[in-house]
Amino acid sequence: LVEDFRRGFLSIEFSGSQGVIKTLPGHASSVAFALDHLRLREVLGTIAGDDTILVIPREGVKRTALLAALRERGCV
């Protein structure tokens, strides 16, 4: 799953605690699937388009905790 995530991932930015992941065109669905199935405690869910994913963190999770969880898994 980490390789699937990294294959399409380009960047992540935040607005408040919500993250927006940019992917290669056509990769958002597979990157979001990988993120959802990595079962990070910090992530409530994702919504994917063609090359953009909205990452919705669980209540009270700050962007630093979400980034740390992604780094810990080797995603970013």
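To keep things clear, this report deals only with the structure shown in the data block. (Residues numbered from 1 in each chain as written. Predicted model: local features only at pLDDT ≥ 70, side-chain atom pairs only at ≥ 80, totals over all residues. Heavy atoms only, no water.)

### A look at the sheet that holds strand E2 (residues 18–23)
Selection criterion: For two strands to pair, DSSP has to find at least two bridges joining them. Per the convention used, a helix needs a DSSP run of H or I reaching at least four residues, while a strand needs a run of E reaching at least two, with both numbered from the N terminus. Angles shown run from 0 to 180 degrees and are taken between the N-to-C directions of axes, each axis being a line fitted to C-alpha atoms and, for helices, limited to the stretch in contact. We call two residues in contact whenever any of their non-hydrogen atoms come within 4.5 Å of each other.
With antiparallel pairing, four strands are arranged side by side in an open sheet as E1-E2-E4-E3. Both outer strands of the open sheet, strand E1 (9–15) and strand E3 (43–48), are each paired with one neighbouring strand and no more. The sheet shows a mean angle of 25 degrees between the axes of neighbouring strands, direction not considered. Where E2 meets strand E4 (residues 52–57), four bridges bridge the pair, whose relative direction is antiparallel. Each bridged residue has a counterpart across the sheet, and for Gly-19 the counterpart in E4 is Val-55. Contacting E1, E2, E3 and E4, helix H2 (residues 28–37) crosses the sheet at an angle of about 170 degrees to E3. Relative to the sheet, helix H3 (residues 63–72) contacts E1, E3 and E4, its axis offset from that of E1 by approximately 160 degrees.

### Concerning the nonpolar core
Threshold: Buried Ala, Val, Leu, Ile, Met, Phe, Trp, Tyr and Cys residues that are joined via side-chain atoms within 4.5 Å together make up what is termed a nonpolar core. Each residue is placed in one exposure class: buried if its accessible area under a 1.4 Å probe, protein chains only, is under 20% of its type's maximum, exposed if it is over 50%, and partly exposed if it falls in between.
One finds Phe-5, Ile-21 and Leu-35 to be the most contacted residues of the largest nonpolar core, which totals 20 residues. Put simply, the parts of the chain that give this core at least two residues each are E1, H2, E4 and H3. Sorting elements by how many residues they give to this core places H2 first, with five residues. Discounting chain neighbours no more than four positions away, the residues touching Leu-35 are Phe-5, Ile-21, Leu-40, Val-43, Thr-46, Val-55 and Leu-70.

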